Amino acid sequence: MGFAVLLAFYVIYLAASQITATRIVIFDLGFHKFIAPAAVFLYPFVAQAIDMINEVYGRKKAHLAIGIAFTTQILLVIFILLVKKLINAPFFPYEEAWQDIFSLGIRVTVASWVSFLICQNVDAYIFSYLKKRFEKRVLLRSISSDIVDLTLDSFIFITLAFYGRMPIIPLLIGQLISKNLIGIIDTPWFLWYKKIIE
């Protein structure tokens, strides 16, 4: 898979994460139930995709991918804002719900932008640094950079997206645990990709 394919996955994971982040769900891990945005299932793959780009193409291409993905997210918000301004059909019964969801969606997206730009760049730097120091320790650099990325992202995103609208402490705890757990579980995908390209 080339850079364009990895970039496409990176962008779609990010866009899907932003759209699904407006839905708050319960994650039942068997021993405890956590509340978090539904995007916690998808966002760890964003971290894995940037690690793959960084692993194969280096930090400069990783930063290029971050810039391209960010640009696509700006377009997503512009498209949502344009559609919000259209006059709804009189028989469309869900207009109020749609407006409410996508009004929150803009706030979620802006929160995501801030956390995305900070955390993905931090991830790229940490991954690159660990790659230079521990060239053979693929698992170490992937998991370490992702845990920092996903944890920092949780604090920034939850606070900016939901403060004053929803209880942020349960959301933060739920997102921290769920997102990092999924981030560790999805690591074999990174290892599988690394094996394919060798």
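Residues numbered from 1 in each chain as written. Predicted model: local features only at pLDDT ≥ 70, side-chain atom pairs only at ≥ 80, totals over all residues. Heavy atoms only, no water.

### Examining the pattern of salt bridges
For the structure shown, the criterion picks out 2 salt bridges. Between Glu55 and Arg141 there is a salt bridge, and its shortest N-O distance comes to 2.9 Å. Taken as a pair, Glu55 in helix α2 (residues 43–57) and Arg141 in helix α5 (residues 138–162) lie far apart in primary sequence, 86 residues in all. For the pair Glu55 and Arg141, a shared accessibility class is recorded, and that class is buried. In this structure, Asp153 engages Lys179 in a salt bridge whose closest nitrogen and oxygen atoms are separated by 2.4 Å. Within this pair, whereas Asp153 is found in helix α5, its partner Lys179 is found in helix α6 (residues 168–185), the two being separated by 26 residues in sequence. (Salt bridge = Lys/Arg side-chain N within 4 Å of Asp/Glu carboxyl O. Helix = DSSP H or I, 4+ residues; strand = E, 2+ residues; numbered from the N terminus. Buried < 20%, exposed > 50% of the residue type's maximum accessible area, 1.4 Å probe, protein only.)

### Quick look at empty space enclosed by the protein
One pass over the full model with this rule turns up 2 cavities of 30 Å³ or more. Estimated volume of the largest cavity: approximately 110 Å³. A per-element tally of the lining of the largest cavity places helix α4 (residues 95–133) first, with 3 residues. (1 Å grid on protein atoms, 1.4 Å probe; cavity = no way out; pocket = protein on both sides within 12 Å on 5 of 7 lines; lining within 4 Å. Points joined across faces, edges and corners; volume = space filled by probe spheres on them.)

### Digging into the nonpolar core
A general feature of soluble globular proteins is that nonpolar side chains tend to end up buried together. If you look at the biggest cluster of nonpolar residues, it comprises 28 residues, and the most contacted ones within it are Tyr10, Val46, Ile50, Ile53, Ala65 and Phe116. Elements that contribute at least two residues to this core include exactly α1 (3–20), α2, α3 (59–85), α4, α5 and α7 (187–197). Ignoring any residue separated from it by four or fewer positions in sequence, one finds Val46 in contact with Tyr10, Tyr13, Leu14, Ser17, Phe116 and Gln120. Listed in part, the 12 residues of the second largest apolar core include Ala39, Ile158, Ile168 and Leu171. (Core = buried A, V, L, I, M, F, W, Y, C linked by side-chain atoms within 4.5 Å. Contact = heavy atoms within 4.5 Å.)

### A closer look at the packing of aromatic side chains
Scanning the model with the defined rule gives 8 aromatic pairs in all. Measuring from ring centre to ring centre gives 5.5 Å for Tyr13 and Phe45, while their planes differ by 40°; the resulting arrangement is tilted. Of this pair, Tyr13 sits in helix α1 while Phe45 sits in helix α2, and the two are 32 residues apart along the sequence. Pairwise contacts between aromatic rings join Phe9, Tyr13 and Phe45 into one cluster. Taking the ring centre of Phe3 as reference, the NZ or CZ of Lys61 above it sits at 4.8 Å. (Phe/Tyr/Trp six-rings, centres within 6.5 Å; stacked < 30°, edge-to-face > 60°. Lys NZ or Arg CZ within 6 Å of the ring centre and 35° of its normal.)

Worth remembering: the numbers are spatial, not functional.
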